[in-house]
Amino acid sequence: MKPLALFGGTFDPVHIGHLSVAWEASELLDAEVRLMPASVPPHRVPPTASAAQRVDMLRAALRGQSRLTLDTRELDRSGPSYTVDTLDEFRLECGERPLMLLLGADAFAGLRSWHRWRDLFEVAHIGVINRPGVEASLPVELERAVAARRTDDPAIIRARPAGRVIELAVTPLEVSATHIRQLLAAGRDPRYLLPAGLFDDPALLAPYRSSFENG
Ligand code: ATP
């Protein structure tokens, strides 16, 4: 069965790194990939763009193709949500369909700080996307938890609903939203680091430019 892979993030803003790795993951796994913007807990630094603005940018970025889609369920709920709860909800909807959480290597390395992190493996596979500048070695406790789950065979992912960890070797792109926000705030125009659709409407990138224009 075609796996359903969920790629969560703040997408503040969505950039070519997100899109390219999500696209390649979809090809490597023959999976449906959904980009899933997260609401951010009150104690964390809030994203520069509002939830609605981040969704508008994602919609503009995803226009013109159908391999990657958008899932706004975490924003549609009131308050922040834990990934494991969201995955539980997907599991109920999906039956036995393979479910995968896609994570950049930096996010994966920090998995132990996630709510009920060990339960994530019960509800989904994890696809780890290489990211330039991220060390390959994992904290010992995490490595111990994943060692027996590792596979490099997409057929194994397709054959069961959850429980395995696969490294996805995608084209490395050293792009981050932080860097793009800095460029925009400095009045630069990072045209080719962002999907072309984000330049169709000047309002889309205005949240990042205003600090430069106002300051
Ligand atoms: P920020 O710089 O604001 O922290 P970011 O560029 O890391 O943002 P997020 O929205 O926080 O983007 O990331 C969502 C997911 O995408 C995470 O799992 C992250 O590891 C992954 N990701 C983001 N950029 C890349 C990239 N260039 N290569 C691989 N994975 C990436």
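Residues numbered from 1 in each chain as written. Predicted model: local features only at pLDDT ≥ 70, side-chain atom pairs only at ≥ 80, totals over all residues.

A few words now on the site of the ligand. For the ligand, the set of nearby residues contains 18 residues, the closest of which are Gly 9, Gly 17, Gly 104, Ala 177 and Thr 178. Where the shell around the ligand is concerned, the elements lending two or more residues are helix H1 (16-29), strand S4 (99-104), helix H5 (105-109) and helix H9 (177-185). At three residues, H1 tops the list of elements feeding residues into the shell around the ligand. Taken together, the residues that form the shell around the ligand break down as eight nonpolar, seven polar and three charged. (Near = placed C-beta within 6 Å. Helix = DSSP H or I, 4+ residues; strand = E, 2+ residues; numbered from the N terminus. Nonpolar A, V, L, I, M, F, W, Y, C, P; charged D, E, K, R; others polar.)

Attention now goes to the sheet that holds strand S5 (residues 125-129). Sheet architecture is open: seven strands sit in the order S3-S2-S1-S4-S5-S7-S6, paired in parallel fashion. The sheet is open, and its two edges are formed by strand S3 (68-70) and strand S6 (150-151), each paired on a single side. Relative to strand S7 (residues 165-168), S5 runs parallel, the two sharing four bridges. Note that in S7 the partner of Gly 127 across the bridge is Ile 166. Across the sheet, H1 is in contact with strand S1 (4-9), strand S2 (32-37), S3, S4, S5 and S7; its angle to S1 comes to roughly 165°. Where helix H4 (residues 83-94) meets the sheet, its contacts fall on S1 and S4, and the angle it forms with S4 comes to roughly 150°. (Pairing = 2+ DSSP bridges. Contact = placed C-beta atoms within 7 Å. Axes fitted to C-alpha atoms, helices over the stretch in contact; angles between N-to-C directions.)

Summarizing the sequence annotation, UniProt attributes the feature "domain: Cytidyltransferase-like" (unreviewed entry) to residues 6-182 in the numbering used throughout. Between the C-alpha atoms that bound residues 6-182 the distance is 27 Å, and the span itself is 40% helix and 17% strand. (UniProt positions renumbered as here; feature names shortened; annotations may be inferred.)

Below, the discussion takes up the pairing of S2. Most of S2 sits out of view: five of its six residues are buried. Where S1 lies against S2, six bridges are found, and the strand directions are parallel. Note that in S2 the partner of Leu 4 across the bridge is Glu 32. For S2 and S3, the ladder comprises three bridges, and the chain directions are parallel. Residue pairing for S3: Arg 34 is matched across the bridge by Thr 69. Read from S2 through helix H2 (residues 51-62) to S3, the crossover connection turns out right-handed. (Buried ≥ 20, exposed ≤ 12 C-beta atoms within 10 Å, placed from the backbone. Right-handed = clockwise from strand over helix to strand, strands pointing away.)

So, about the environment of Thr 86. With respect to the element layout, Thr 86 can be found in helix H4. What makes Thr 86 buried here is the crowd of 21 C-beta atoms within 10 Å. Between the alpha carbons of Thr 86 and Arg 73 there is a distance of 8.4 Å; along the sequence they are 13 residues apart. For Thr 86, the contacting residues outside a window of four places in its chain are Arg 73, Glu 74 and Ser 81.

This brings us to H9. In an α-helix there are 3.6 residues to a turn, and that puts residues three or four apart on one side. Of the positions making up H9, those classed as buried are Ala 177, Ile 180 and Leu 184. Along the axis of H9, the buried residues cluster in a sector spanning 60°; they form a single face. Immediately downstream of H9, the backbone of Gly 187 shows phi near 85°, a positive value. (Arc of directions from axis to C-beta.)

Between its first and last C-alpha, H4 extends 16 Å over 12 residues, near the 16 Å set by a 1.5 Å rise per residue. Buried residues belonging to H4 abut S1, helix H3 (73-76), S4 and helix H6 (120-123). Residue Gly 95 follows H4 closely and has a positive phi angle near 60°. (Expected span 1.5 Å × (residues − 1).)

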